[in-house]
Amino acid sequence: MAAADVARQMTEGARNLSLSGHVGFDSMPDQLVNKSVCQGFCFNILCVGETGLGKSTLMDTLFNTRFEGDPAAHNQPGVHIKSNSYELQESSVCLKLSIINSVGFGDQINKEESYKSIVEFIDTQFEAYLQEELKIKRTLHNYHDSRIHVCLYFIAPTGHSLKSLDLVTMKKLDSKVNIIPIIAKADSISKNELQKFKIKIMSELVSNGVQIYQFPTDDETVAEINGTMNAHLPFAVVGSTEEIKIGNKMMKARQYPWGTVQVENENHCDFVKLREMLIRVNMEDLREQTHARHYELYRRCKLEEMGFKDTDPDNKPFSLQETYEAKRNEFLGELQKKEEEMRQMFVMRVKEKESELKEAEKELHDKFDRLKKLHQDEKKKLEDKKKSLDDEINAFKQRKTAAELLQSQAQQSGSQQTLKREKERKNNPWLCTE
């Protein structure tokens, strides 16, 4: 029998099952939506820019909320990272928003290391998430994701070109976070100058190899609007929390002597474009890019540093247990090597110390002998001097005795002569005495 006939008979003998009702796995998207709404969402924004560019005001304007927080002091010797978290709710959706501000950025005279504290903060959040992933008992569903989802880089409205600090900082950050450059306080520059400034900024970013976040165009539902908005980067924005009555409506605006700048008027600034792209259209893509691109790059580099690979030199799957054992043995070997080096160093230092002590002991003995000999010499000199003094004392005593004897003899001779003269005077009263 031919193979075609066998297949035909088997097909004819197969049962055809028809659905008796609605199965319902098409409700999976609704289930995911309900679950996500119950869990809530988190979104972390990093604001980088020099002092006075209106970072806090723009955040208040974006989320239509006056965020409470103590004003940051700008007297720090370096850049200080300040993070604040807020619970927001819109309809039935809860959002845990974290706003991270780089306090003191660009305030220092020497700005070479201004970006380091920002990079370290981003890496710290990646490391915290990686440590949670590597735990035996993980709780990622309850873990508060503190990774930075977007960096709004505020550019001063100079109208000329980017500063070296801006280029260096964005270059250091582009592989770690989604960067959206924005021109702050765009109402301080004319419309023609602003357009030239935008072109100049994008040209400098491309020539210096800085990769900024591009709004995705692979989704047909948002491809057209995202493609259009990519051409408007960087966004020129104005922020304000003050409401001014314009016509019959209260609108967020900035009042000047020469007129009014409406924040939500697209002819005045790109604030509405930024809000649409950042919050309404691409917030989830920013979260996904953070996890799938930037965090994965950090995770891969960290695991490669630890010695983990996908395949071994023979192109076979890499065993985690073998990797662990190999790293453990390598670590123990290095530990033993260091221990042996420390032991040898300790023995060498002990020998050097013993040699120093022996040399010091020998010097002390020599010094003692010299002092002892000097003492004996001094003692002998003193004894000789004492003997000489004793001889002088004895000689002096002898001279004194002889002198006293002569003096007493002289006194006796004088007294005898006196008595003789007195006797002669008595015997001969006529003698005249002088």
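Please refer to the structure placed before this passage.
These remarks concern the structure in this document. It should be emphasised that the depicted structure is a prediction, and the values quoted were computed from it without experimental measurement.

**What about the overall build of the chain?**
The number of helices and strands found in the chain is ten helices and nine strands. Counting across all 434 residues of the chain, residues that qualify as buried make up 30%. A separation of at least 24 residues holds for 67% of the contacts in the chain among residues at least 6 apart in sequence. Accessible surface computed for the chain: about 30700 Å², of which carbon and sulfur atoms make up 52%.

**Describing the layout of surface pockets**
Summary: where empty space remains is shown by rolling a probe the size of a single water molecule over the atoms. Quantified by volume, the largest pocket comes out at close to 1400 Å³. Around the largest pocket, the lining is made up of 41 residues, and of these Gly 40, Phe 41, Cys 42, Leu 95 and Arg 287 lie nearest the centre. Looking at the lining of the largest pocket, the elements with two or more residues in it are α2 (28-39), β1 (41-48), α3 (55-62), β2 (80-90), β3 (93-103), α8 (271-281) and α9 (283-305). In terms of residue class, the lining of the largest pocket is made up of 16 nonpolar, 13 polar and twelve charged.

**Observations regarding the sheet that holds strand β7 (residues 243-246)**
Taking strand neighbours across the sheet as the criterion, the three strands line up as β7-β8-β9 in an open arrangement whose pairing is antiparallel. The strands lining the two open edges of the sheet, one partner per strand, are β7 and β9 (259-262). The sheet shows a mean angle of 65 degrees between the axes of neighbouring strands, direction not considered. Where β7 lies against strand β8 (residues 249-256), four bridges are found, and the strand directions are antiparallel. Following the sheet pairing, Lys 245 is matched in β8 by Met 250.

**Overview of helix α5 (residues 164-173)**
Every buried residue of α5 is listed here: Leu 165, Asp 166, Leu 167, Thr 169, Met 170 and Leu 173. Those residues of α5 hidden inside the fold are in contact with β1, α4 (116-133), β4 (150-155), β5 (179-183) and α6 (191-207).

**Quick notes on the sheet that holds β5**
The strand order β2-β3-β1-β4-β5-β6 describes an open sheet built from six strands, whose pairing is mixed. In this open sheet, the two strands that pair with only one neighbour each are β2 and β6 (235-236). Two elements, β1 and β4, share four bridges in a ladder whose sense is parallel. Residue pairing for β4: Cys 47 is matched across the bridge by Leu 152.

Calculation notes
Residues numbered from 1 in each chain as written. Predicted model: local features only at pLDDT ≥ 70, side-chain atom pairs only at ≥ 80, totals over all residues. Heavy atoms only, no water. Helix = DSSP H or I, 4+ residues; strand = E, 2+ residues; numbered from the N terminus. Buried < 20%, exposed > 50% of the residue type's maximum accessible area, 1.4 Å probe, protein only. Contact = heavy atoms within 4.5 Å. Areas by Shrake-Rupley, 256 points an atom, 1.4 Å probe, with all protein chains shown as cover. 1 Å grid on protein atoms, 1.4 Å probe; cavity = no way out; pocket = protein on both sides within 12 Å on 5 of 7 lines; lining within 4 Å. Points joined across faces, edges and corners; volume = space filled by probe spheres on them. Nonpolar A, V, L, I, M, F, W, Y, C, P; charged D, E, K, R; others polar. Pairing = 2+ DSSP bridges. Axes fitted to C-alpha atoms, helices over the stretch in contact; angles between N-to-C directions.

It is worth stressing that arrangement in space is one thing and function is another; only the former is reported here.
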